[in-house]
Amino acid sequence: MNRDPYAIALNSALTEIKKAYPDIKNSFIFTKNGTIITGDQETDEKTMNNVLESFENLKEKAKAIGNLKSLHITAKNGKLTLSNIKDMHLLLATSKHADKNHIYSITHVIIPTILKTLETFAPTHLQFTPPKKLIVDTLTGFFAGDSVQIDAEILMDWTKNNNPRARVKAAITEEQNTQESINQVQIETFGGNAAVCKVKEINDQNLKGKNMIRIPEKLCKTLEINKGDLVKVKPAL
Amino acid sequence: MLEKNSKTDDTENDIEKIQEKLQDIKDQEGIIGYILRGAKKASIDLKDPTKIIDYAVLSSTAFDAGHNMTEALQMGEVDTIVVESEETKLLSMNINNHRLSIFMEKSVDHNKLYKNLK
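For the structure given in this document, a descriptive report is provided here. (Residues numbered from 1 in each chain as written. Chains lettered and ligands numbered in written order. Predicted model: local features only at pLDDT ≥ 70, side-chain atom pairs only at ≥ 80, totals over all residues.)

1. Observations regarding the overall build of chain B
No. 1: Along the backbone of chain B there are three helices and five strands.
No. 2: Going residue by residue from the N terminus, the α and β elements of chain B occur as α-β-β-α-β-β-β-α.
No. 3: Relative to its full complement of 118 residues, chain B shows a buried share of 31%.
No. 4: Here the contacts in chain B between residues at least 6 apart in sequence split such that 44% fall between residues at least 24 apart. (Helix = DSSP H or I, 4+ residues; strand = E, 2+ residues; numbered from the N terminus. Buried ≥ 20, exposed ≤ 12 C-beta atoms within 10 Å, placed from the backbone. Contact = placed C-beta atoms within 7 Å.)

2. Side note on unusual backbone geometry
Residues and elements named next belong to chain A.
No. 1: Phi is positive for K86, close to 55°, though the residue is something other than glycine.
No. 2: Tracing the backbone shows K86 in the loop between β4 (78-85) and β5 (88-94).
No. 3: Owing to 12 C-beta atoms within 10 Å, K86 belongs among the exposed residues under this scheme.
No. 4: If you check the backbone angles, N211 has positive phi at about 60° while not being a glycine.
No. 5: Mapped onto the elements of the fold, N211 is located in the loop between β9 (194-201) and β10 (212-216).

3. Let's talk about the sheet that holds β9(A)
Residue and element names in this part refer to chain A.
No. 1: One closed barrel accounts for six strands, arranged β6-β10-β7-β9-β8-β11; its pairing is mixed. Pairs of neighbouring strands in the sheet enclose a mean axial angle of 45°, with direction left out of account.
No. 2: Where strand β6 (residues 132-139) and strand β11 (residues 230-235) come together, four bridges link them in antiparallel fashion. Looking at β11, one finds that I135 is bridged to L230. (Pairing = 2+ DSSP bridges. Axes fitted to C-alpha atoms, helices over the stretch in contact; angles between N-to-C directions.)

4. Some points on the interface of chain A and chain B
No. 1: Each partner contributes residues to the interface: chain A has 27 residues there, and chain B has 30 residues.
No. 2: When contributions to the side of chain A that touches chain B are tallied by element, the ones reaching two or more residues are α2 (45-61), β3 (68-75) and β4 of chain A.
No. 3: Here the side of chain A that touches chain B is built from residues that sort into twelve nonpolar, twelve polar and three charged.
No. 4: When β3(A) meets strand β3 (residues 78-85) of chain B, the two strands line up antiparallel, connected through seven bridges. Bridging across to β3(B), T74(A) finds its partner in T80(B). (Nonpolar A, V, L, I, M, F, W, Y, C, P; charged D, E, K, R; others polar.)

5. Some remarks on the pairing of strand β4 (residues 88-95) of chain B
No. 1: Sheet analysis places β3(B) next to β4(B), joined by five bridges and oriented antiparallel. Its bridge partner being in β4(B), T80(B) is matched across the sheet by M93(B).

6. Let's talk about the nonpolar core
No. 1: Judged by nonpolar contacts, the single largest core of 56 residues is most densely connected at V51(A), L80(A), L91(A), V83(B), I102(B) and F103(B).
No. 2: Top contributing element to this core by residue count: helix α2 (residues 52-72) of chain B, with six residues.
No. 3: Ignoring any residue separated from it by four or fewer positions in sequence, one finds V83(B) in contact with L58(A), A62(A), L68(A), L71(A), A62(B), K89(B) and L90(B). (Core = buried A, V, L, I, M, F, W, Y, C linked by C-beta atoms within 7 Å.)

7. Let's talk about the packing of α2(A) against α2(B)
No. 1: Packing of α2(A) against α2(B) leaves a shortest axis separation of 9 Å and a crossing angle of 170°. Classified by the angle between their axes, α2(A) and α2(B) sit roughly antiparallel to one another. Residues T47(A), N50(A), V51(A), S54(A), F55(A), N57(A), L58(A) and K61(A) of α2(A) form the contact with α2(B), whose participating residues are V57(B), L58(B), T61(B), A62(B), A65(B), N68(B), M69(B) and A72(B).
No. 2: A breakdown of the residues in the contact of α2(A) with α2(B) according to their chemical character gives nine nonpolar, six polar and one charged. (Parallel < 35°, antiparallel > 145°, perpendicular 65-115°, else oblique.)

8. Some words on the sheet that holds strand β2 (residues 42-46) of chain B
No. 1: With antiparallel pairing, ten strands are arranged side by side in an open sheet as β2(A)-β1(A)-β5(A)-β4(A)-β3(A)-β3(B)-β4(B)-β5(B)-β1(B)-β2(B). With one partner strand each, in any of the chains shown, β2 (36-39) of chain A together with β2 of chain B form the two edges of the open sheet. Between one strand axis and the next, the sheet turns by 10° as a mean value, whatever way the strands run.
No. 2: Pairing between β4(A) and β5(A): seven bridges, direction antiparallel. Bridge pairing in β5(A) places L82(A) opposite L91(A).
No. 3: Sitting on the sheet, helix α1 (residues 5-20) of chain A is in contact with β1 (24-31) and β2 of chain A, with an inclination near 35° to β2(A).

9. A word on α2(B)
Residue and element names in this part refer to chain B.
No. 1: The first and last C-alpha atoms of α2 sit 30 Å apart over 21 residues, in line with the 30 Å expected at 1.5 Å per residue.
No. 2: For α2, the set of buried residues is Y55, L58, S59, T61, A62, A65, G66, M69, T70 and A72.
No. 3: Of the residues one or two after α2, Q74 is the one with positive phi, at around 50°. (Expected span 1.5 Å × (residues − 1).)

Structure (structure tokens):
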């Protein structure tokens, strides 16, 4: 799940909404391209992914009647509402007798207002950088240092997509947008360990373009990963 | 055996009644058509026959997605599914072991249809 300030703010919003409306059992938000931004604390990621997979399939087939705007399911023990909010989807699973007006105010007033407010603070926040899955290669030896190494192309790609502040600043000051390079990345293992560390370009010509991340041996031990494992990597804000 | 035959007759009568209701519904303003699918046969009545395959696939996917989503969220059996696009919507529901999907314009009151059919 996304851990940037925007996602954290939305997570807090969902948590507070759930406190205010106890009829809400599960809630989470994901982008139109299927990236989960955040969810309430009681809904695990596996559940969200299962729901998301079914929804994406339905969304695809629903093109037969146009672009899917909303989905409502009434079940024996509850109701599920999936709404389109700007370029995101909000899922709410509630008890069967949840007040329709409450659900409406959450999907049509509260969450859109929060999104709009967040947008005011960071106008280009919606360009989420999905984590890249990279293969681990261990860096050993005296000169291993404490930085990880990633393909220059990936770093360039992130620099283009992940520098909203520089673009906003450039727009305000009318100066040329000098793209700041990515200095740090967040590494997350599939075992749930994470670390933020400095990043450099891969310097070994033979390892370029192979979707690899070279990680110092010491850090591999800390993260409990080995050569050949997959890790999720994204720029650290 | 007699009891089993009687139950089968009841179900067949129920389905006939539903089909009669569907005949009335399909003539209502804004109704695009319906798909009623049982274990052995299906009735399809759509205004635009070229859309039969796409609508049948959507209907089937809606039931599967509804089942998977409610199962993941531990919500129990699905009662109704409503899928809305900009101008069209789909109401899917189970009736007497038959899967019914009604396609309609967005302005149609699907709750009214549901009450009529249940």
